[in-house]
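# Reading the structure
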Amino acid sequence: MAASITTGFSIPASAPAVPIACASANRRRRITPQAGRALEILGHAIEYLTDEFMHEDRANSARDGQLQAVQMLMALNRQIYFECPEVPSLGERCRAFLHLHAA
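One structure accompanies this document, and this report is about it. As the structure is a computational prediction, the values presented were derived from the model and not from experiment.

This brings us to the nonpolar core. Ranked by size, the top nonpolar core spans 11 residues in total: Ala35, Ala38, Leu39, Leu42, Ile46, Leu49, Val70, Leu73, Leu76, Ile80 and Cys84. At the level of elements, helix H1 (33-55) and helix H2 (60-83) are the ones that each hand at least two residues to this core. In terms of residue count, the dominant contributor to this core is H1 (6 residues).

Okay, structure coming up:
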C-alpha cells in the first residue's frame, strides 16, 4: 500500500469495486475537504491518463497497463466518494425533527 502525502488516503494495490446496487447514487454526500481534495486529484489523474490513452498510437499490450491504471483510479475514486456519509433528505430531517418513524 502506498500513502499519498497530499491526501493521507492509502491506495491499495487493487481497489475493490463498490457494489452499485447497495450504494445510493442519487443521494448527496457530505464530502470532507480531505476527501474532496483526493477526489479532485484522482479526477485530474484519470483525465490525464485517458487523454494520453486516446492520443497515443502504441501496441495493445503496452496500453493494458494504462487501462488498468485508469480502472484502479476510477475504483479508488468511487471508494472514496461512497465512504462519505449521505446527507439526509428533507423528509428524513423533518421526521427526525418531529420524532416520527419512517413508514
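With that out of the way, let us pick up the pattern of salt bridges. Working definition: two side chains of opposite charge can pair if their charged atoms are close together. Tallied over the entire structure, the rule returns 4 salt bridges. Among the salt bridges present, the one from Glu40 reaches Arg37, with a minimum N-O distance of 3.3 Å. Here Arg37 and Glu40 lie together in helix H1, a separation of 3 residues that amounts to about one turn. Looking at Arg37, the relative accessible area reads 39%, which means it is partly exposed. The network of salt bridges with common partners includes Arg27, Arg29, Glu86 and Glu92.

Calculation rules
Residues numbered from 1 in each chain as written. Predicted model: local features only at pLDDT ≥ 70, side-chain atom pairs only at ≥ 80, totals over all residues. Heavy atoms only, no water. Core = buried A, V, L, I, M, F, W, Y, C linked by side-chain atoms within 4.5 Å. Buried < 20%, exposed > 50% of the residue type's maximum accessible area, 1.4 Å probe, protein only. Helix = DSSP H or I, 4+ residues; strand = E, 2+ residues; numbered from the N terminus. Salt bridge = Lys/Arg side-chain N within 4 Å of Asp/Glu carboxyl O.

Geometric descriptors of this kind do not, in isolation, establish any biological role.
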